[in-house]
Amino acid sequence: MKVQMLDLSEQYKIIKHEVLQKLDEVMSSSQFILGSYVKQVENNIAEMSKTKYGIGVANGSDAIHIALQAAGVKAGDEVITTSFTFFATAGAIARANAVPVFVDIDPITYNIDPSKIEEVITEKTKAIIPVHLYGQMADMNPIIEIAEKYKLHVIEDAAQAIGSTYKGKQVGEMSSAATYSFFPTKNLGAYGDGGMVVSNVENLAEQARVIRVHGSKPKYHHHVLGYNSRLDEMQAAVLSVKLPHLPIWSEDRRKHAAYYTEKLNEVLGDRVVTPVEIEGNYHVFHQYTLRVERRDELQSYLKEQGVSTMIYYPIPLHMQPVFKDLGYKVGDLPETEKAAQEALSLPMFPELKREQQDYIIDKIKGFYLK
Ligand SMILES: *Cc1c(COP(=O)(O)O)cnc(C)c1O
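Residues numbered from 1 in each chain as written. Predicted model: local features only at pLDDT ≥ 70, side-chain atom pairs only at ≥ 80, totals over all residues. Heavy atoms only, no water.

A word on the pairing of strand β5 (residues 153-157)
The condition that has to hold: Relative accessibility decides the category of a residue: with a 1.4 Å probe and only protein chains considered, values under 20% of the type maximum give buried, values over 50% give exposed, and everything between is partly exposed. Going along the chain from the N terminus, every DSSP run of H or I of four or more residues is numbered as a helix, and every run of E of two or more is numbered as a strand. The pairing criterion for strands is at least two bridges between them, as found by DSSP. Think of it like this: strands point away, you trace from the first strand over the helix to the second, and a clockwise trace means the crossover is right-handed.
Among the five residues in β5, four count as buried, and that is most of the element. Across two bridges, strand β4 (residues 125-129) lies against β5 in parallel orientation. Bridge pairing in β5 places A127 opposite H153. With helix α5 (residues 140-150) bridging β4 and its parallel neighbour β5, the resulting β-α-β unit is right-handed. Of the pairings in the sheet, the one linking β5 to strand β8 (residues 177-181) comprises three bridges and is parallel in character. Along β8, the bridge assignment pairs E156 with A178.

Here you go:
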């Protein structure tokens, strides 16, 4: 048997008719830039996030960059985030000419450890970017409390967590802004790049809207430096078809996660650490990530057996060559560095089949118990 990390083909079969119809509609209308589908998904995703404003942008990386700029983050400002994330989180901070300041993770959730934030706050700190890694929201209450105390913005990197909740609160509801990615592999994936900023803060949303069209407002008048970074109308049309399915797809992911966890825990005990959903959270399992012994060996073994797995993320951002001038060294963020050695993500997508899961579970057991 062969099992891919992610297989989008089954999903396409279900929505194909509607997607093709809507793409044809866009092409027939010739409204390719900021048309009615962009507006529709902005409204629907903002509403889902219990926010007033949604601003569709070109990708999730730009969404973070634009949200930072719209929040007033400037050259030399410091932005606190996690090192255990996709490059774009810190890349967007650096592109805003600000300085990423990394805080270690909570080893249970892999998200930023709020108890370690205050010690890195300085006069220059302007914002905190918690990343809701693998589909589970970071511990937002203490983060918001710290942000209020020091008058900092909180911008949630929710690229992996659309539809997740924390103590009944949606992504975007508690912070200055949240950012989504519609990269094809994300829980709500377009058929190309896409992203969005959602916010309850009127002037931040307004700034973001101006920045995505070259800082132009009114047209051909430029008071701020912007870019060309808009959510494409064709991608918005695809998203408009997929969005109504998202709650069911999240539920399917959760079922698959529960099944993996039940079956792996039955036999493997502490050889594998299965993901933990913190009470009060709704985890949307963008990834199903284990912490395992002999990780690289297991990965090669599974590959030989036809099962693809991924390591998110093998090299923490504070160890990336591009950030060497920040001056971090091995040992600075021990939980992050440990997770980078032990984490292994298994195939996860809504259409994953029981037989495929049984096969994967069987092979993992075989590896450790042989
Ligand atoms: C995917 C991702 C991004 C970037 O999104 P793109 O749309 O690919 O630019 C940012 N942060 C995290 C945590 C991601 O997983």
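Section: the packing of helix α2 (residues 36-48) against helix α7 (residues 233-242)
Heads up, the condition is: Each axis is a line fitted through C-alpha atoms, taken for helices only over the stretch in contact, and angles between the N-to-C directions span 0 to 180 degrees. In this scheme, roughly parallel covers angles under 35 degrees and roughly antiparallel covers those over 145, while 65 to 115 is roughly perpendicular and the rest are oblique. Each helix crossing is assigned a hand: it is left-handed if the near helix lies turned anticlockwise from the far helix by less than a right angle, otherwise right-handed if that turn is clockwise. A contact between two residues is defined here by any heavy atoms of the two lying within 4.5 Å. When residues are grouped by polarity, Ala, Val, Leu, Ile, Met, Phe, Trp, Tyr, Cys and Pro land in nonpolar, Asp, Glu, Lys and Arg in charged, and all others, Gly among them, in polar.
With their axes 8 Å apart at the nearest point, α2 and α7 run at an angle of 45° to one another. Viewed along their axes, α2 and α7 adopt a mutual orientation that is oblique. In this structure, α2 crosses over α7, and the sense of that crossing is left-handed. Together, S36, Y37, V38, Q40 and V41 of α2 and E233, A236, A237, L239 and S240 of α7 make up the contact between the two elements. Its residues placed into classes, the contact of α2 with α7 shows six nonpolar, three polar and one charged.

Here's the deal with the domain arrangement of the chain
Stated formally: In this document the domain limits rely on a domain assignment from an automatic tool or a database. Accessible surface is computed with a 1.4 Å probe, and the buried area is the amount of it that two parts give up when combined, taken over both parts together. Any Lys or Arg side-chain nitrogen found within 4 Å of a carboxyl oxygen on Asp or Glu counts as a salt bridge. Within 3.5 Å is the distance limit for a polar contact, defined as a pair of N or O atoms, with the added protein rule that one can donate a hydrogen and the other accept it, and that residues adjacent in sequence qualify only through two side-chain atoms.
One can read the domain layout of the chain as domain 1 (9-103 + 110-244) and domain 2 (245-369). Centre-to-centre, using C-alpha coordinates, domain 1 lies 25 Å away from domain 2. Both sides of the domain 1 and domain 2 interface together cover about 3200 Å² of buried area, and 60% of this is carbon and sulfur. Considering only the side of domain 1, the residues that lose the most area to domain 2 are Y134, Q136 and N187, jointly responsible for 22% of the buried surface there. At the junction of domain 1 with domain 2, the criterion picks out zero salt bridges. For the interface between domain 1 and domain 2, the tally reads 21 residue pairs in polar contact (both at pLDDT 80 or more). Mapped by element, the contributors of at least two residues to the side of domain 1 that touches domain 2 are α1 (9-29), α4 (87-95), β3 (99-103), β6 (165-166) and α7.

Thoughts on the nonpolar core
What counts is decided by this rule: In this text, buried Ala, Val, Leu, Ile, Met, Phe, Trp, Tyr and Cys residues form a nonpolar core when linked through side-chain atoms within 4.5 Å.
In terms of nonpolar packing, the biggest core is built from 44 residues, with I45, I117, Y180 and F182 touching the most fellow members. Looking at this core, the elements with two or more residues in it are α1, α2, β3, α5, β8, β9 (195-199) and α7. Judged by nonpolar contacts, the second largest core, of 27 residues, contains F285, L344, I361 and F367.

Here we look at α4
Each α-helix winds once per 3.6 residues, and so residues spaced three or four apart point in a common direction. Among all positions of α4, only A88, T89, A90, G91, A92 and I93 are buried. Along its buried surface, α4 packs onto α3 (60-70), β2 (78-82), β3, β4 and β5. Directly beyond the C-terminal end of α4, a positive phi value near 60° is found at N97.

A short note on the sheet that holds strand β1 (residues 53-57)
Reading across the sheet, the seven strands line up as β1-β9-β8-β5-β4-β2-β3 and stay open at both edges, with mixed pairing between neighbours. The outermost strands of the open sheet, each flanked by one partner alone, are β1 and β3. Looking at each pair of strands side by side, their axes are set apart by 25° on average, direction ignored. As judged from the four bridges shared by β8 and β9, these two strands associate in the antiparallel manner. Paired with Y180 across the bridge in β9 is M196.

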